[in-house]
Amino acid sequence: MAGQNLLPAFPAANSPQRLQSTGRAKVALKPGRSLMDWIRLGRSNQDLNGFKGSTMDISVEELTKHNKQEDAWIAIRGKVYNVTPYMEYHPGGIEELMRGAGLDGTQLFDEVHKWVNFESMLEKCYIGKLKVTTPIHKRESTPAQPAQIKNLQQNGPSLAALKPPSGPVPPRFDWFQNKNSVSLVIYTKCKHMRRDCVIIQRSELTLLCILYIEDYNYFVNIELANKIKDNYDVRIQKETGKTEIVFPKETESQWSSIGRFLDQHNTFRNTKDVETTYHSCNIESVSEVSHDCKLLCIHLPPELSMCVPLGHHVHVQHNISGMTIARSYTAVIKSLLPDKQDDRLGSVIYLMIKIYKDGALTPWIGSLSPGDTIDISYPEGTFKEERLKDVTDLVLYAAGTGFTPMIKLVYHCLHVDQKPARNIKLMFFNKTENDILWKDQLDSLTQDFKNFTVEYVLSEANDNWQGQKGRVTKEIMETFTPASTKDSSNLLICACGPTAFTEIVSRYSKELGYKDDSFHAFLG
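Everything numeric here is computed off the predicted structure, so don't read it as measured data.

Okay, the packing of aromatic side chains next. Counted according to the given criterion, the structure contains 14 aromatic pairs. With centroids separated by 5.0 Å and ring planes inclined at 20 degrees, the aromatic side chains of Tyr-216 and Phe-268 adopt a geometry described as stacked. With Tyr-216 in strand β10 (residues 216-224) and Phe-268 in strand β14 (residues 267-270), this pair connects stretches of sequence that are 52 residues apart. Residue Tyr-216 is classed as buried on the basis of its relative accessible area of 18%. Through successive ring pairs, a cluster of aromatic residues spans Tyr-81, Phe-109, Phe-118 and Tyr-126. The ring of Tyr-187 carries Arg-172 above its face, with NZ or CZ at 4.2 Å from the centroid.

Bringing the sheet that holds strand β5 (residues 126-131) into the picture now. With mixed pairing, the five strands of this open sheet are ordered in space as β1-β5-β4-β3-β2. Edge positions in the sheet fall to β1 (58-59) and β2 (67-68), since each of these pairs with one other strand and no more. Here strand β3 (residues 71-76) runs beside strand β4 (residues 79-82); their pairing, made up of four bridges, is antiparallel. Each bridged residue has a counterpart across the sheet, and for Trp-73 the counterpart in β4 is Asn-82.

Counted as a void, the second largest pocket has a volume near 1200 Å³. Lining the second largest pocket are 36 residues, with Arg-194, Asp-196, Glu-385, His-412 and Val-416 sitting closest to its centre. Those elements that place two or more of their residues in the lining of the second largest pocket are β19 (323-332), β20 (348-354) and α9 (404-416). Take the lining of the second largest pocket: its biggest share by element is four residues, from α9. When its residues are assigned to classes, the lining of the second largest pocket shows 17 nonpolar, four polar and 15 charged.

This part is about helix α2 (residues 35-42). Within α2, seven of the eight residues are buried, which leaves the element mostly enclosed by the surrounding structure. Those residues of α2 lying buried are Leu-35, Met-36, Asp-37, Trp-38, Ile-39, Leu-41 and Gly-42. Turning to α2, the residues buried within the fold contact α6 (118-121), β18 (313-320) and β19.

It is worth spelling out the nonpolar core at this point. If you look at the biggest cluster of nonpolar residues, it comprises 77 residues, and the most contacted ones within it are Trp-38, Ile-365 and Ile-376. Excluding residues that lie within four positions of it along the chain, Ile-365 makes contacts with Leu-296, Val-316, Tyr-329, Ile-353 and Ile-355. Counting residues in each nonpolar core, the second largest holds 44 residues, with Tyr-350, Cys-413, Leu-442 and Leu-445 among its members.

Rules and cut-offs
- Residues numbered from 1 in each chain as written.
- Predicted model: local features only at pLDDT ≥ 70, side-chain atom pairs only at ≥ 80, totals over all residues.
- Heavy atoms only, no water.
- Phe/Tyr/Trp six-rings, centres within 6.5 Å; stacked < 30°, edge-to-face > 60°.
- Helix = DSSP H or I, 4+ residues; strand = E, 2+ residues; numbered from the N terminus.
- Buried < 20%, exposed > 50% of the residue type's maximum accessible area, 1.4 Å probe, protein only.
- Lys NZ or Arg CZ within 6 Å of the ring centre and 35° of its normal.
- Pairing = 2+ DSSP bridges.
- 1 Å grid on protein atoms, 1.4 Å probe; cavity = no way out; pocket = protein on both sides within 12 Å on 5 of 7 lines; lining within 4 Å.
- Points joined across faces, edges and corners; volume = space filled by probe spheres on them.
- Nonpolar A, V, L, I, M, F, W, Y, C, P; charged D, E, K, R; others polar.
- Contact = heavy atoms within 4.5 Å.
- Core = buried A, V, L, I, M, F, W, Y, C linked by side-chain atoms within 4.5 Å.

Next up, the structure:
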């Protein structure tokens, strides 16, 4: 078969990237090998491309020769880079970077780091353009569409073995109007459609609607014939997934057409293939959560309405010392308490961010004040809310700011999707008591909800601490996770924190006999 055994599995089985499935997993780097160290090296005038800054066209044959750790080149989107000097700075580790050495690594890169600005990161390592004459290291070719199969069957041998690609059925689009409003209707056939799966962006007469349908994005992109008002309404029919977006017309009239369909209109693409897009947003407020953690309220631009689905994250991007740096952060809510919520649906998002003094991006984030701007991407994530449908035991393991994905999850289960029979247990690991985020709110929830319990574990506890001490162990997990649910689909174990923490929770879950599909790793 085409591509068989030509391309190594990437990420490797059990690698941090595959475990997290978000592309942000890290390994421990040597001292002096941080991102800021890499930025400083890039500004030091050292010869990082190996040709004293000169560039040239690179053939496929030449690229394949440079596949060793001490001599590694990689091609991404037609550009060849000497990544040899970057090896020890790569957050995913040398082994992961070597999987693309000597290859056209575009597809590998997009699977794990699509949102990273590689051109800025590897600017000083650029060698030249890749001269491609014949495809190299291709994956299995994409199965033909039904129409293609029919055409080929009529003009050649039977291709009954070919199957259309798996995934949800592409939606169908239509529109309707009366003299007061125009309605866009998308028949998604997705029973899990929700308001937070719909993004709406407007600019003059240009309208872009993005629907998140499982692992795909569906686009409605139109240059409208006439003007519409801002107070639109999104209506979703749960049984069928039919999504209707109703826009009031600026003036009463009958339109002769909806307008002009733009290139992106009526396209249905896998989320991993969609280019990361950023929007300039305003900081509305900044509040202290702990001695090194802040809660940012970010107001989206007026032309954009965007909710972040449960367990999903956004990317924050900024230029640091001439290099574009991006980091991912899970969107949270204003508070765990119901009377403290922000009801401006689609207009604001909250991010809880730990500020690292020696970090590449967070010192800048820590300096932000109300009125400053910040670039935010569309949301991404792998967690699906319907996964909670049959869960009766939800066990959460969080370390430090790994608590952020759990915030909306806990709130959702206790206040939105209320199921009294569902037991929710959170074990929260921190260094000191001062590092515990929203401890007062968590304690308040345990008083209000008998089905919610929380335990705190400190690795650097003082003598006055009465709770558990140490780090995550198999023994701790064995006593905390219900043994009676090992073979049940009603259990969900979630973990989030540093890569090493998430990996060890995953490994102990397997060693304790819990099923693989009972575990989900969140991006912190």
